[in-house]
Amino acid sequence: AGMLNAASWVSYSIVTPDRYQTAVTNGFGMAIMLVWLVLYAKHSPVRGAVLGQIALVILVWAAMTALAVFFITDEWFTPLREGETCKTEFVGICCIAFNILMYGSPLGAVKQVVKTRSVASMPLPLSLAGFVASVLWATYATLLKDAWVGLPN
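Scope of this entry: the structure provided in the associated data block. Quantities reported herein were computed from a predicted structural model and do not represent experimental measurements.

### Topic: the overall build of the protein chain
- For the protein chain, the count of helices and strands is 7 helices and 0 strands.
- The helix and strand sequence of the protein chain, counted from the amino end, reads α-α-α-α-α-α-α.
- Summarising its shape, the C-alpha atoms of the protein chain cover approximately 50 × 35 × 25 Å along the three principal directions.
- Counting every position in the protein chain, which comprises 153 residues, the buried fraction comes to 33%.
- If you take every contact in the protein chain between residues at least 6 apart in sequence, the share linking residues at least 24 apart comes to 61%.
- Charged side chains in the protein chain number 9 positive and 7 negative. The centres of these two groups are separated by 25 Å.

The following block contains the structure:
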């Protein structure tokens with residue numbers, strides 16, 4: 001989910017004017033996640049399944065980006081904000097969905113926490129890092145008045 005989230009925000013930066021910071025930040029995130037995924041796949045006992053999931057993420061991202069860049073035009077509908085394009089809005093909606101998926105996936109551990117009455121399965125550093133990242137992205141979105149970045153944060 002993290003790789004798909006970062007990749008979709010890079011696509012958002014491509015179709016949205018003046019969003020270079022988002023592209024650089026998420027491009028760096030993509031590079032880190034790609035290295036981690038390759039190392040994980042290399043040492044995984046179920047390498048085929050992991051590689052299949054990586055291929056699915058790349059396929060979903062490529063399809064979303066191709067659809068936005070080559071097929072969506074501004075004649076489809078009127079963008080919600082003046083100065084935006086239908087491409088920005090389409091990719092923005094996809095980014096929100098992927099962002100919620102990424103930040104929501106650790107919530108699966110909440111069931112285990114409630115069941116065992118122990119927070120051992122929900123590491124504090126990961127939860128804290130996710131919270132700090134959301135606060136930083138929300139601040140960035142507020143400064144740029146970018147609802148697509150701000151909404152999921």
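### Some thoughts on the packing of helix H2 (residues 20-43) against helix H3 (residues 47-71)
- Contact geometry of H2 with H3 gives a least axis separation of 8 Å together with a crossing angle of 155 degrees. In this view, H2 runs roughly antiparallel relative to H3, as classed from their interaxial angle. Across from Met30, Leu37, Tyr40, Ala41 and Lys42 in H2, the residues of H3 making contact are Arg47, Val50, Leu51, Ile54 and Trp61.

### Re the layout of surface pockets
- Its boundaries defined by the atoms lining it, the largest pocket holds a volume of some 1,100 Å³.
- Of all the elements in the fold, those that place two or more residues in the lining of the largest pocket are helix H1 (2-15), H2, H3, helix H4 (86-104) and helix H6 (124-144).
- No other element matches the 10 residues that H2 contributes to the lining of the largest pocket.
- Residue composition of the lining of the largest pocket, by class: 29 nonpolar, 12 polar and no charged.

### Let's talk about the packing of aromatic side chains
- Applying the stated criterion across every chain, the model contains 3 aromatic pairs.
- Seen in terms of ring centroids, Trp9 and Tyr12 are 5.2 Å apart; in terms of plane orientation they differ by 80 degrees. Their pairing is edge-to-face. Of this pair, Trp9 and Tyr12 both sit in helix H1, 3 residues apart, roughly one helical turn.
- For Trp9, a relative accessible area of 5% corresponds to the buried category.
- Ring centres 5.1 Å apart and planes at 10 degrees place the aromatic pair Trp36 and Tyr40 in the stacked group.

### Comments concerning H1
- For H1, spanning 14 residues, the distance from its first C-alpha to its last is 20 Å, which sits close to the expected 20 Å at 1.5 Å a residue.
- Within H1, 13 of the 14 residues are buried, which leaves the element mostly enclosed by the surrounding structure.

### Re a nonpolar patch on the surface
- Together, Leu124, Leu128, Phe131, Val132, Val135 and Leu136 line one region of the surface with nonpolar side chains, adding up to about 610 Å² of accessible area.
- For Phe131, the position within the fold is in helix H6.
- With relative accessibility at 55%, the residue Phe131 sits in the exposed group.

So, how was this worked out
Residues numbered from 1 in each chain as written. Predicted model: local features only at pLDDT ≥ 70, side-chain atom pairs only at ≥ 80, totals over all residues. Heavy atoms only, no water. Helix = DSSP H or I, 4+ residues; strand = E, 2+ residues; numbered from the N terminus. Buried < 20%, exposed > 50% of the residue type's maximum accessible area, 1.4 Å probe, protein only. Contact = heavy atoms within 4.5 Å. Lys, Arg positive; Asp, Glu negative; His and termini not counted. Charge placed at Lys NZ, Arg CZ, Asp CG, Glu CD. Axes fitted to C-alpha atoms, helices over the stretch in contact; angles between N-to-C directions. Parallel < 35°, antiparallel > 145°, perpendicular 65-115°, else oblique. 1 Å grid on protein atoms, 1.4 Å probe; cavity = no way out; pocket = protein on both sides within 12 Å on 5 of 7 lines; lining within 4 Å. Points joined across faces, edges and corners; volume = space filled by probe spheres on them. Nonpolar A, V, L, I, M, F, W, Y, C, P; charged D, E, K, R; others polar. Phe/Tyr/Trp six-rings, centres within 6.5 Å; stacked < 30°, edge-to-face > 60°. Expected span 1.5 Å × (residues − 1). Patch = residues over 30% accessible without salt bridge, like charges linked within 9 Å, V, L, I, M, F, W, Y side chains within 5 Å. Areas by Shrake-Rupley, 256 points an atom, 1.4 Å probe, with all protein chains shown as cover. Salt bridge = Lys/Arg side-chain N within 4 Å of Asp/Glu carboxyl O.

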